[in-house]
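Examination of the molecular architecture
Here is how the chains run, residue by residue.
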Amino acid sequence: MIPIKIETLLEGRKVERNRIEYKEGFNPSEIVHTICGYANDIAGVDGGYLVIGVKTENGIPILPPVDVPDELLDGIQLKIFQYCNKIEPRYIPKIEIVEYQGVNLVYLKCAAGDAGSYQAPVDVYSKKEAGKEQD
């Protein structure tokens, strides 16, 4: 996976597509499904990028981005790590906090996985995962 700077994604006005996804807020189930999709690399593009804290209109990022408050950053990173542990087989993306135009963004770099077909739970809050009930 070629590292891409956050400025390139946002200032280049890259449209959301199979390799780039923007999220205004933190919705764990949606984010884990996106991460899982990038790990599976169905499109054959070596994974993808996910930026949390960016509103979109018709898939185009709206600038300036929405701020991810300082007090939420550690919790979001921890939750991403915890929820990604529910992906089978386990997959953890690179998580980076970046400051862009004076606001915080959570930037995830999700390289294509090499451990086979990845599966995420339908709902990360659910006790039912991968067809089995959890205690």
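Further up the page is the structure itself.
As a starting point, this report considers the structure included with it.

Rules behind the numbers
- Residues numbered from 1 in each chain as written.
- Predicted model: local features only at pLDDT ≥ 70, side-chain atom pairs only at ≥ 80, totals over all residues.
- Heavy atoms only, no water.
- Helix = DSSP H or I, 4+ residues; strand = E, 2+ residues; numbered from the N terminus.
- Buried < 20%, exposed > 50% of the residue type's maximum accessible area, 1.4 Å probe, protein only.
- Contact = heavy atoms within 4.5 Å.
- Areas by Shrake-Rupley, 256 points an atom, 1.4 Å probe, with all protein chains shown as cover.
- Pairing = 2+ DSSP bridges.
- Right-handed = clockwise from strand over helix to strand, strands pointing away.
- Axes fitted to C-alpha atoms, helices over the stretch in contact; angles between N-to-C directions.
- Parallel < 35°, antiparallel > 145°, perpendicular 65-115°, else oblique.
- Left-handed = near helix turned anticlockwise from the far one by under 90°.
- Nonpolar A, V, L, I, M, F, W, Y, C, P; charged D, E, K, R; others polar.
- Disulfide = S-S within 2.5 Å.

Regarding the overall build of the chain
- The number of helices and strands found in the chain is three helices and eight strands.
- Reading the chain from its N end, one meets helices and strands in the order α-β-α-β-β-β-α-β-β-β-β.
- Each of the 135 residues in the chain was classed as buried or not, and the buried ones make up 36%.
- Sequence separation of 24 or more characterises 70% of the internal contacts of the chain that already satisfy a separation of 6 or more.
- Accessible surface, the chain as shown: approximately 7500 Å² in total, 48% of it carbon and sulfur.

So, the pairing of strand S1 (residues 20–23)
- With four bridges joining them, S1 and strand S2 (residues 48–52) adopt parallel strand pairing. Bridge pairing in S2 links Tyr22 to Val51.
- Note that the unit made of S1, helix H2 (residues 28–40) and S2 has a crossover that is right-handed.

Examining the packing of H2 against helix H3 (residues 70–84)
- As a packed pair, H2 and H3 sit with axes 10 Å apart at the nearest point and diverge in direction by 60°. With respect to their mutual orientation, H2 and H3 come out oblique. For H2 against H3, the interelement crossing comes out right-handed. Each of Pro28, Val32 and Ile35 in H2 lies in contact with H3, whose residues at this interface are Ile80, Tyr83 and Cys84.
- Tallied by class, residues from the contact of H2 with H3 come to six nonpolar, no polar and no charged.

A closer look at the side chain of Thr34
- Inspection of the secondary structure assignment puts Thr34 in helix H2.
- The contacts of Thr34, once residues within four sequence positions are left out, are Glu21, Lys23 and Leu50.

Section: the state of the cysteines
- Using the criterion set out here, one finds zero disulfides in the structure.
- Here Cys84 is not cross-linked by a disulfide; its sulfur's nearest cysteine counterpart is in Cys110, at 7.5 Å.
- By relative accessible area, which is 0% here, Cys84 ends up buried.

By themselves, these are just geometric observations and shouldn't be taken as functional.
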